[in-house]
Amino acid sequence: MQVRFPGVSIDILAERRNAGVFSLCPALRSVRRYDIPSEFFEALRSRYDVVIDSEQWHRLSAVVARILRAEIRIGFDTNDRRRLFTHPIPYEQDDYEADSFMRLLAPLGCAAEEEGGGPLLSFSTRDAEAAGCHLKRLEGRPIVTLFPGASIAERRWGAERFVRLAQLLGRRGVGVVVVGGEGELADGRTIETIGGISLCGLTNLAETAAVIARSSLLVSGDSGILHIAVGLGVPTVSLFGPGRAMKWAPRGENHIVINKNLPCSPCTTFGYTPRCPINARCMTEITVDEVEEAVLTLLSRKNFDGHQQKP
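Quantities reported herein were computed from a predicted structural model and do not represent experimental measurements.

The next subject is the sheet that holds strand E8 (residues 197-198). With respect to topology, 6 strands assemble into an open sheet ordered E8-E7-E6-E9-E10-E11, the strand pairing being parallel. The open sheet has two edge strands with one neighbour each: E8 and strand E11 (255-259).

This is the structure:
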C-alpha cells in the first residue's frame, strides 16, 4: 500500500494475543488492542479515510468498521456483515490467505506485484545482537529452529517426535534451537539434554524472530511462528493436518509442506477446529524420518547456506 500511497499512515486494531507480531512491521503508525478498553476507545475516537477489516466471520470487527464512519469500508462478504461495508470482497475457504488479503486492497487500486519481493518483517539491531548471543555456541554449524507448540492440541505433532528429530539432526552436526513460550518449556528442556538450545520463555517475539532469521530453516506445525518465518524469508518445513494447507501452508521452493491428506482433513473452518475422535491421526502419522528428510533436502540446497536475515 505504501508503494501506491507513499504518504499513508496505517494504524492497526488487533487482539491482545496477536498484537505483538506488529512490532515486526516498522511502517505502522500505531498498534492498538481492542480488548484493552482505553486503546479500543482511542481507536473509535480517531478519524480514517479507509477501514479494512481482515476478519472472515465474526461480526464485531465489521460493526467497529461501520462505527468509524470512514468513507471507504472494505471487508469480506462471508455473512450479513457484508452490509456494513462499502466494498464487500468475496472470500473462499480454500484460497491462499495471502491472496485473499491482497483482494482487500483491490478497491484501492493496489496489486500484489506492486509490493517488493523481499522479507515482509524486520527487527532491530538490538534483537539481532540478542539472538547472536543466544546462538553463539552453534556458530559454524547449520541451525534448525524447532517450534513444537500449537494453539490447539490437534495441531501438535508431539514432543517425543520433536526430541527424536533433534537427536537425528544433532548426530549430523546440525545445531538445534527450540523456541516457544511457557507451554514449550518441558519440550525445550528435554532437547537441551541432548545438546540443543532451548530459548522457550527466554525471548520476546522480536528476539524469537531474530533467532529464526539466523537459522537455516524452521520446523513447525501450523502456527503463528511458522508465518513469522515466512514473513522473514526463512525456509520452512511445516506439518499440516487439521488446518487448511491450501489456505495457510507456505508456498514456494523454499518451503516443504508435509500433509497426510486423510479423508477427514482439513477439519478447520473459519478458525474453528472440532475435537478429534481419532486422536489427530493426520498429525501423528507424519513420521520423524520424513521430517528429517525434508530438513536435509532444504539444508542441501546451496541457496540456504549461511542464511541470515539482516535487521
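So, about the pairing of strand E6 (residues 143-147). Counting buried positions along E6 gives 5 out of 5 residues, so the element sits mostly inside the fold. Neither face of E6 is exposed, since Ile143, Thr145 and Phe147 on one face and Val144 and Leu146 on the opposite face are all buried. Taken together, the 4 bridges between E6 and strand E7 (residues 175-178) define a ladder with parallel strand orientation. By the bridge assignment for E7, Val144 is matched with Val176. Each parallel crossover has a hand, and for E6 linked through helix H5 (residues 159-171) to E7 it is right-handed.

The full count for this structure, using the stated rule, is 6 aromatic pairs. Seen from their ring centres, Phe76 and Phe101 are 6.3 Å apart, and the 25° between their planes marks the pair as stacked. In this pair, Phe76 is assigned in strand E4 (residues 72-76) and Phe101 in helix H3 (residues 97-103), connecting sequence segments 25 residues apart. For Phe76, a relative accessible area of 0% puts it in the buried group. Phe101 sits in the partly exposed class, given a relative accessible area of 33%. Seen from their ring centres, Tyr91 and Phe270 are 6.2 Å apart, and the 25° between their planes marks the pair as stacked. Of this pair, Tyr91 sits in the loop between strand E5 (87-89) and H3 while Phe270 sits in the loop between E11 and helix H10 (281-284), placing them 179 residues apart in sequence. Residue Tyr91 is classed as buried on the basis of its relative accessible area of 8%. An aromatic cluster of at least three residues, connected via ring pairs, comprises Trp57, Phe76, Tyr91, Phe101 and Phe270. Above the face of the Trp57 ring, Arg59 is positioned so that its terminal group lies 6.0 Å from the ring centre.

Calculation rules
Residues numbered from 1 in each chain as written. Predicted model: local features only at pLDDT ≥ 70, side-chain atom pairs only at ≥ 80, totals over all residues. Heavy atoms only, no water. Pairing = 2+ DSSP bridges. Helix = DSSP H or I, 4+ residues; strand = E, 2+ residues; numbered from the N terminus. Buried < 20%, exposed > 50% of the residue type's maximum accessible area, 1.4 Å probe, protein only. Right-handed = clockwise from strand over helix to strand, strands pointing away. Phe/Tyr/Trp six-rings, centres within 6.5 Å; stacked < 30°, edge-to-face > 60°. Lys NZ or Arg CZ within 6 Å of the ring centre and 35° of its normal.

Read these as spatial facts, not as claims about activity.
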